[in-house]
Amino acid sequence: MNLNVHEEILIEPYGGRLVNLLVPGEEREELRARAAGMPCVRLSARNVCDLELLANGGFSPLERFMGRADYERVLAEMRLAGGALFPLPVTLTIRRDAGVKLDGEIALADSFNSVLAVMRVEEIYEWNREGEARAAYGTTDARHPLVAEMNSWNELCISGKLRVLQLPRYYDFLNLRLTPSEVRERLTALGRRNVVAFQTRNPLHRAHEELTARAAREIDGTLLLHPVVGLTRPGDIDHFTRVRSYKVLAERYYDPARMTLALLPLAMRMAGPREALWHACIRRNFGANHLIVGRDHASPGTDSHGRPFYGPYDAQELVATYGEEIGVTPLPFSELLYIPEEDRYEEATRIEEGKRTASISGTEVREDYLQRGRPLPRWFTRPEVAEILAQAHPPRHRQGFCLWFTGLSGAGKSTTAEILIVKLLEHGRQVTSLDGDVVRTHLSKGLGFGKEDRDTNIRRIGFVASEIVRHGGGVVCAAVSPYRAARNECRAMVGADRFIEIFVDTPLAVCEERDAKGMYKQARAGQIKNFTGIDDPYEPPLKPEIVLDTVSHTAEENAARILAYLVERGFALSATEAEASTARL
């Protein structure tokens, strides 16, 4: 289709044109050959998502990982150096000793060492971790998943002209992985200028379905169902499950003349209001001039004190403030309730007082239905979607969890953990043990005890734990893990709802009395350096799920307390339930 045709129908891209960083075919092979001899920077999964949206125009008018002027103005004013509104930073960090030099060319490769792009390095500048956290995300609290992740980023930012050799390769849902230009062509073919995008990282239920269909009718336009399949909030249902459910709805329940389904490879920041505004700018590049903005849009959950990071309507208000400037009108996510007598959904504000209604919260979906193996009612979820969710979301006692014991050396972490593992096996849960000393011997052999090496060791434990949890296993980690930021990074990797931090709160004096290995004595004598509690700090958790007293309570009593907590949360069956389950076999 002629580009000018769909530019006349749809709103033009943000900034007037779609950026295209892909090298033309005739130049590609020559550049690929030269890239083989260049210094190489390995991109993270987040960097790869960002590179793809830079390359295909999803981040238009941004054309590169941000240089200093763009970066600083985005943090301060949510604008690029040239003045265009752009709410969040998009940067590429490298280690200080990476060997990258100004005016030199470097290859950018993914985790499989496939070279995706070449950058001519035009800027190298200091990355401001704390400043970015405060300005862009409004917090330095490591319970924020991105703030926790930032602890593992590098010290310097680099920027420069990008020439992209290839987009990342995918092998799933290929007919739905559409560039902004391809989405715009599909939308144009439907013949309506107005397009409303729906940002989603969760499965769709009947209320969402009704809301989105109404929104398209309200603006006499088309719905762009645009789920995120890049990095979302840790613990979210995997994108394979979500996309399967979207496909079923698109094929069977939406009007094909008013709906287009496409996938967005975005690495979310969970930045609340700023992220909502960013989503609006991105969706304009895909052809949308309206965006449904939900309550708690892009919410990262609660902070270390149990308070939400952002207000429930902050996102809607910020998008409304800048809607005219960016050309995207926000449509608030209205609450829809089901009316059983009439078998239909209606906005809560339009329902007569006293009329019986029904609804199920997201928490109830997880805890009262999916985690208990109960089928979701048909009025709430299409049966095809309910079946997909049931397959991917087993009852809670078959889901993964991570118990993270932290405390001083000699506090009693390993002893309590060993007893607990036996009790969990008794209750029918298979559990993996990741003890700090054992991990040091095998997974982290060669690492020292400086802060950087300690954080690396803890991240390794966290990564292995996250994989075990993702595949439905229980894992017990017992490591000193002295630094809050590293522990919270592991919480983010595992998913906050499956990470249980257990602070073994044993006083230093008691730990020294128990010094079976003589390590405290050696540390006091200066024979061991950087020993936690002596000449290196221990940062106790601010709000752990469980605090253990090993002075007044035995290890057996503490293990029983943790087991009771797991039974209460549904991660383990009670003794009666375990016996009944065995009897049914």
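The rules behind these values
- Residues numbered from 1 in each chain as written.
- Predicted model: local features only at pLDDT ≥ 70, side-chain atom pairs only at ≥ 80, totals over all residues.
- Heavy atoms only, no water.
- Core = buried A, V, L, I, M, F, W, Y, C linked by side-chain atoms within 4.5 Å.
- Buried < 20%, exposed > 50% of the residue type's maximum accessible area, 1.4 Å probe, protein only.
- Helix = DSSP H or I, 4+ residues; strand = E, 2+ residues; numbered from the N terminus.
- Contact = heavy atoms within 4.5 Å.
- Salt bridge = Lys/Arg side-chain N within 4 Å of Asp/Glu carboxyl O.
- Polar contact = N/O pair within 3.5 Å; in protein donor to acceptor, adjacent residues only side chain to side chain.
- Phe/Tyr/Trp six-rings, centres within 6.5 Å; stacked < 30°, edge-to-face > 60°.
- Lys NZ or Arg CZ within 6 Å of the ring centre and 35° of its normal.

**Q** Would you mind going over the nonpolar core in detail, with residue names and values included?
**A** One broad rule of soluble globular proteins: the nonpolar side chains tend to lie buried together. Ranked by size, the top nonpolar core spans 78 residues in total, and within it Phe59, Phe65, Phe86, Leu108, Met119 and Leu266 carry the most contacts. Of the residues forming this core, the biggest block, six residues, is contributed by helix H10 (residues 272-285). Setting aside anything within four residues of it in sequence, one finds Phe59 in contact with Asp50, Leu53, Leu54, Phe86, Val90, Leu266, Trp278, Ile282 and Asn285. Residues Ala216, Tyr254, Leu261 and Ile360 belong to the second largest nonpolar core, which totals 35 residues.

**Q** Requested: an account of the pattern of salt bridges, with residues and values cited.
**A** Following the criterion strictly, the structure yields 43 salt bridges and no others. Among the ionic pairs, Glu105 bridges to Arg34, the shortest N-O distance being 2.8 Å. Taken together, the residues Glu105 in strand E3 (residues 105-109) and Arg34 in helix H2 (residues 25-35) connect sequence positions 71 residues apart. Since its relative accessible area comes to 35%, Arg34 is described here as partly exposed. When the shortest N-O distance is used, the salt bridge between Arg96 and Glu126 registers 2.8 Å. Of this pair, Arg96 sits in the loop between strand E2 (93-94) and E3 while Glu126 sits in strand E4 (residues 115-126); the two residues are 30 residues apart in sequence, bridging distant segments of the chain.

**Q** Give me the side chain of Thr381: which residues, what numbers.
**A** Mapped onto the secondary structure, Thr381 falls in the loop between helix H12 (362-369) and helix H13 (383-392). A relative accessible area of 0% places Thr381 in the buried class. There is a polar contact of 2.7 Å between the side chain of Thr381 and the side chain of His205. Filtering out sequence-adjacent residues up to four positions away, Thr381 remains in contact with His205, Arg206, Leu376 and Ala386.

**Q** Any details on the packing of aromatic side chains? Residues and values, ideally.
**A** What the rule picks out here adds up to 13 aromatic pairs. Between Phe173 and Phe240, the ring centres sit 6.5 Å apart and the planes meet at 35 degrees, which makes this aromatic pair tilted. Of the two residues, Phe173 is situated in the loop between strand E5 (156-164) and helix H7 (180-189) and Phe240 in helix H9 (residues 239-252); the sequence distance between them amounts to 67 residues. Of the residues examined, Phe240 reaches a relative accessible area of 43% and is grouped as partly exposed. Three or more aromatic residues link up through ring pairs in this structure, and these residues are Tyr338, Tyr345, Trp379 and Phe380. Sitting over the ring of Tyr170, Arg177 keeps its end group 3.8 Å from the ring centre. Stacked on the ring of Tyr483, the Lys or Arg Lys451 has its end atom at 4.7 Å from the ring centre.

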